[in-house]
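The primary structure of each chain is shown beneath.
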Amino acid sequence: MRKLALEDEILMSVEKPARYIGNEINMVRKNPAEVDVRFCMCFPDVYEIGMSHLGIQILYDMFNQWEDVYCERCYSPWPDLDRIMRERDIPLFALESQEPVRDFDFLGITIQYEMCYTNLLQIIDLSGIPLHAEERTWRDPIVLGGGPCTYNPEPIAEFFDIFYIGEGETVYRELMDVYKEARRQGLSRLEFLKRAAQIEGLYVPRLYEVVYGEDGRLISMEPNCPEAPERIKKQVVRDLSDTFYPSRPLVPYLRATQDRIVLEIQRGCIRGCRFCQAGMIYRPIRPRSLEFLKKRAIEMIESTGYEEITLSSLSSSDYEDLPELVYFLIDECRERRLNISLPSLRIDAFSLDVMSRIQDVRKSSLTFAPEAGSQRMRDVINKGLTEEAILKGAWEAFQGGWKRVKLYFMLGLPGEREEDIEAIATLANRIAAAYFEIPKEQRTGRPEITASTSFFVPKPFTPFQWAPMDTAEHFEEKRQFLRGRVRAQKNQRSLRYICHDAATSELEGIFARGDRKLSAVIEEAYKRGCIFDAWTDWFRPDIWEEVMRERRVDRNFYNYRERERDELFPWDFIDIGVSKNFLWREYERAKAGEVTPNCRARCSGCGAAVFGTGVCVESRGDSGAGRGEKGGIVR
């Protein structure tokens, strides 16, 4: 294999050359000649974003603990280097060895958001790999996709050999062994893929036939060979305190988006917010043990030199040992001036005592997610927060010494009215007013309240997967209305309003619930120059508009219509444990404005108990909870 280290002339001509040189702290070095399988792990976005992704850190550590596997990394080259690589015919290379990605056995791409789909093609194309899976031979790596977007992989199905559905710590070892045996036996690429399809959680798109009706709806999706299962079962790590987690994470040369230690305290969520895909696909909630987290935290602090640690979770306040963990980190690391970051907090559950302990170290902003301004809309989305609880939590935050608060909301939620939008501005103003209730001598200037709105995008495996999505025009009208209402508030000098882009949200919606027919649209947009679509400066709405018009993409079909209850979805072949019947019941409860209790308060029979772990096996005193008419889990 030949090394492809970029010449100094090239490095000095591109923005942030440190993105491409490797050799970071804690980078793993192996002799490629001494391993059986070479795996290139890719994040299809710029280096600073990819280096912040915990999933890659976990898998990088796991793969490299195996003596027969060497895992290296690559990221999407920024447009300046992308142009040079094409002009000079430089193939994409891995950071560790600087060798071509095409020479690896596997190219594993984590797919975190729909707006990176053209970057997936950039990675495959720059590697010199055919874009279509069916055109590849053993001269090409197995292209494998993982991450949350694989819960509806159909819009990008033609570009991948395998999709890994679920959590990565489970069956990769089995896949590596099947691959090694297939190569030893001299099997064809297709025979290997058929063997891989028999591993639970792996989906091989070319082994399935898809049939559509005249109206564009999916009629059937069936295996075309006996090796392919009818349904793909999500993979779940049952014990998060006895699994892989890096003690020596990679430390980038550049300031990454998450430039700190990330300590995942639990996986899953008990809350059941009806818009939240992560809250459904990562069920059931599974906490890591306190001792595991204490040990890993100290190891990572000592091996990285970071001065900040993030306690990561979908809902950090629901981690039952949170106060003790925070006290431990403060007490153990006081001399380091360690900053504790607690994202994903629920205002009603946050402890004033914990906050008062953290005030001794450096402070950043606190982030809360009411999601909706009015109580009616919070009930519709099952947020389960009252305004009283929100204001009380804000008061406690201000009492604890914070004055910068970020608030996340969504526009375009199902059933939204004008008064619900105005309520976002009103709530932000009341939170700012709560700060001024603190005695003047205890304040330090004005509060900084940032209200951030994204546009609601219905996602697969949520109760709102049936719901229509607003048009880009409606989104823009709502944004302008809210901006005006924020400026009209009494405490507007303390308020700041920011909002996501409507055009990208609409495209995200098309891909989120799209089907295999969209592969041609994505490919054509890429060939016309679309990459880094998630970046405002690089998003090309004119090209997307042109391609979708030529390909006759019906926005009403993909975005604006309400789905029927019994409609077959492109992702229905995936079994995440949570049943479609449960999701429909939640959709109807949303329309009625009814709140469903969280998983610890009362089991709702979602189906996730099938995994036999987490909160689903905790004793609740309601032995029949979660069971259907025949005594089994409701499916």
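You'll find the structure just up there.
Residues numbered from 1 in each chain as written. Predicted model: local features only at pLDDT ≥ 70, side-chain atom pairs only at ≥ 80, totals over all residues. Heavy atoms only, no water.

Colleague: Give a detailed account of the overall build of the protein chain, specifying residues and quantitative values.
Modeller: Within the protein chain, the regular secondary structure consists of 20 helices and 19 strands. Computed over C-alpha atoms, the radius of gyration of the protein chain comes to 25 Å, within 12% of the 26 Å expected from 2.2 N^0.38 for 635 residues, which places it in the range of a compact globule. Viewed in the frame of its principal axes, the protein chain has a C-alpha envelope of about 75 × 60 × 55 Å. Expressed as a percentage of its 635 residues, the buried residues of the protein chain come to 60%. Counting only contacts in the protein chain whose residues sit at least 6 apart along the sequence, the fraction spanning at least 24 positions is 77%. Taken together, the 90 basic and 103 acidic charged side chains of the protein chain have centroids lying 3 Å from each other. (Helix = DSSP H or I, 4+ residues; strand = E, 2+ residues; numbered from the N terminus. Rg over C-alpha atoms; globule rule 2.2 N^0.38 Å. Buried < 20%, exposed > 50% of the residue type's maximum accessible area, 1.4 Å probe, protein only. Contact = heavy atoms within 4.5 Å. Lys, Arg positive; Asp, Glu negative; His and termini not counted. Charge placed at Lys NZ, Arg CZ, Asp CG, Glu CD.)

Colleague: Can you explain the nonpolar core? Please cite residues and give values.
Modeller: Core analysis: the largest hydrophobic core is formed by 140 residues, its most contacted members being Phe 63, Tyr 172, Leu 175 and Phe 192. Of all hydrophobic cores here, the second largest spans 36 residues; its members include Trp 402, Ala 432, Val 457 and Val 486. (Core = buried A, V, L, I, M, F, W, Y, C linked by side-chain atoms within 4.5 Å.)

Colleague: Describe the sheet that holds strand E4 (residues 142-146), with residues and values.
Modeller: Strands sit in the order E2-E1-E3-E4-E5-E6 across an open sheet of 6 strands; the sheet is mixed. Only two strands of the sheet have a single neighbouring strand rather than two, namely strand E2 (69-75) and strand E6 (202-203). Bridging between strand E3 (residues 106-110) and E4 involves 5 bridges; their strand directions are parallel. Within E4, the residue paired with Thr 110 across the bridge is Gly 146. Each of strand E1 (37-43), E2, E3 and E4 touches helix H5 (residues 117-126); the most contacted strand, E3, lies at about 165° to it. (Pairing = 2+ DSSP bridges. Axes fitted to C-alpha atoms, helices over the stretch in contact; angles between N-to-C directions.)

Colleague: Please set out the packing of aromatic side chains residue by residue, giving values where relevant.
Modeller: With the rule as written, the count across this model stands at 36 aromatic pairs. When the centroid spacing of 4.4 Å and the interplanar angle of 25° are considered together, the rings of Phe 39 and Phe 63 count as stacked. With Phe 39 in strand E1 and Phe 63 in helix H3 (residues 54-65), this residue pair connects regions lying 24 residues apart in the sequence. For the residue pair Phe 39 and Phe 63, the accessibility class agrees, reading buried in each case. With centroids separated by 6.3 Å and ring planes inclined at 85°, the aromatic side chains of Trp 66 and Phe 244 adopt a geometry described as edge-to-face. In this pair, Trp 66 is assigned in the loop between H3 and E2 and Phe 244 in the loop between strand E9 (232-233) and strand E10 (261-264), connecting sequence segments 178 residues apart. The buried category is assigned to Trp 66, whose relative accessible area is 12%. Grouped by ring-pair contacts, the aromatic residues Phe 39, Phe 63, Trp 66, Phe 106, Trp 138, Tyr 164, Tyr 172, Tyr 179, Phe 192 and Phe 244 constitute a single cluster. Between the NZ or CZ atom of Arg 173 and the centre of the ring of Trp 66, over which it lies, the distance is 4.7 Å. When the ring centre of Trp 138 is taken as origin, the NZ or CZ atom of Arg 183, which lies over that ring, is 4.0 Å away. (Phe/Tyr/Trp six-rings, centres within 6.5 Å; stacked < 30°, edge-to-face > 60°. Lys NZ or Arg CZ within 6 Å of the ring centre and 35° of its normal.)

Colleague: Please set out the pairing of strand E8 (residues 218-223) residue by residue, giving values where relevant.
Modeller: Examined bridge by bridge, strand E7 (residues 208-212) and E8 share 5 bridges and lie antiparallel to one another. Residue pairing in the sheet places Tyr 208 in a bridge with Pro 223 of E8. Where E7 hands over to E8, the hairpin turn is made up of 5 residues, of which Gly 216 adopts a positive phi near 90°.

Colleague: Let's hear about empty space enclosed by the protein: which residues, and what values?
Modeller: In the structure shown here, the tally under the stated rule is 6 cavities of 30 Å³ or more. What lines the largest cavity is a set of 15 residues, among which Met 51, Gln 57, Pro 249, Arg 260 and Val 262 lie closest to the centre. Looking at the lining of the largest cavity residue by residue, the class counts come to 10 nonpolar, 4 polar and 1 charged. (1 Å grid on protein atoms, 1.4 Å probe; cavity = no way out; pocket = protein on both sides within 12 Å on 5 of 7 lines; lining within 4 Å. Points joined across faces, edges and corners; volume = space filled by probe spheres on them. Nonpolar A, V, L, I, M, F, W, Y, C, P; charged D, E, K, R; others polar.)

Colleague: With reference to specific residues and values, describe the side chain of Asp 515.
Modeller: Take Asp 515: it is sitting in the loop between helix H16 (502-512) and helix H17 (519-527). Only 2.9 Å separates the side chain of Asp 515 from the side chain of Tyr 558, close enough to count as a polar contact. The residues touching Asp 515, leaving out its near neighbours within four places in the chain, are Glu 154, Pro 155, Tyr 212, Gly 216, Phe 557, Tyr 558 and Pro 570. (Polar contact = N/O pair within 3.5 Å; in protein donor to acceptor, adjacent residues only side chain to side chain.)

Colleague: Can you lay out the sheet that holds E10 for me, pointing to particular residues and giving the numbers?
Modeller: An order of E10-E13-E14 is seen for the 3 strands of this open sheet, with the pairing classed as parallel. The sheet is open, and its two edges are formed by E10 and strand E14 (339-341), each paired on a single side. On average, adjacent strands in this sheet sit at an angle of 25° to one another, irrespective of strand direction. The sheet contact formed by strand E13 (residues 308-312) and E14 spans 3 bridges and is parallel.

Colleague: Account for the environment of Val 211, with residues named and values stated.
Modeller: Along the chain, the position of Val 211 falls in strand E7. Sequence separation between Val 211 and Glu 222 is 11 residues, and the spatial gap between their C-alpha atoms is 8.7 Å.

Colleague: Account for the packing of H17 against helix H18 (residues 541-550), with residues named and values stated.
Modeller: Interaxial distance between H17 and H18 falls to 10 Å at its minimum, and their mutual angle equals 140°. When the axis of H17 is compared with that of H18, the two are oblique. H18 is crossed by H17, and the crossing has right-handed handedness. Contacts from Val 521, Ile 522, Glu 524 and Ala 525 in H17 reach Ile 543, Trp 544, Val 547 and Met 548 in H18. Here the residues of the contact of H17 with H18 are counted per class, giving 7 nonpolar, no polar and 1 charged. (Parallel < 35°, antiparallel > 145°, perpendicular 65-115°, else oblique. Left-handed = near helix turned anticlockwise from the far one by under 90°.)

Colleague: Tell me about helix H20 (residues 580-591), and name the residues and values.
Modeller: Spanning 12 residues, H20 covers 17 Å between terminal C-alpha atoms, matching the ideal 16 Å at 1.5 Å per step. Buried residues of H20: Phe 582, Leu 583, Trp 584, Glu 586, Tyr 587 and Ala 590, and no others. Where H20 is buried, its residues meet helix H8 (277-281) and helix H12 (375-380). (Expected span 1.5 Å × (residues − 1).)

Colleague: Describe the side chain of Glu 96, with residues and values.
Modeller: The topology assignment puts Glu 96 in the loop between helix H4 (79-88) and E3. On the basis of relative accessible area, Glu 96 is assigned to the buried category, the value being 11%. Here the side chain of Glu 96 touches Tyr 60 through a polar contact of 2.8 Å, side chain to side chain. Among all residues touching Glu 96, those that are not within four sequence positions of it are Met 27, Val 28, Tyr 60, Tyr 70, Glu 72 and Arg 73.

Colleague: Give me the lowdown on the environment of Gly 445, citing residues and values where you can.
Modeller: One can find Gly 445 in the loop between helix H14 (418-435) and strand E17 (448-455). We classify Gly 445 as partly exposed; its relative accessible area is 48%. Taking the C-alpha atoms as reference points, Gly 445 and Lys 403, separated by 42 residues in sequence, lie 8.6 Å from one another. Beyond its immediate stretch of four places on either side in the chain, Gly 445 contacts Lys 403 and Tyr 435.

Colleague: Any chance you could break down H16 for me, citing the residues and the numbers?
Modeller: Counting buried residues in H16 gives 9 out of 11 residues, a clear majority hidden from the surface. Those residues of H16 not exposed but buried are Ala 502, Thr 504, Ser 505, Glu 506, Leu 507, Gly 509, Ile 510, Phe 511 and Ala 512. Taken together, the buried residues of H16 touch H5, E17, helix H15 (472-487), H17, H18 and helix H19 (555-560). Its side-chain oxygen at 3.1 Å from the backbone nitrogen of Ala 503, Asp 501 defines the N-terminal cap of H16.

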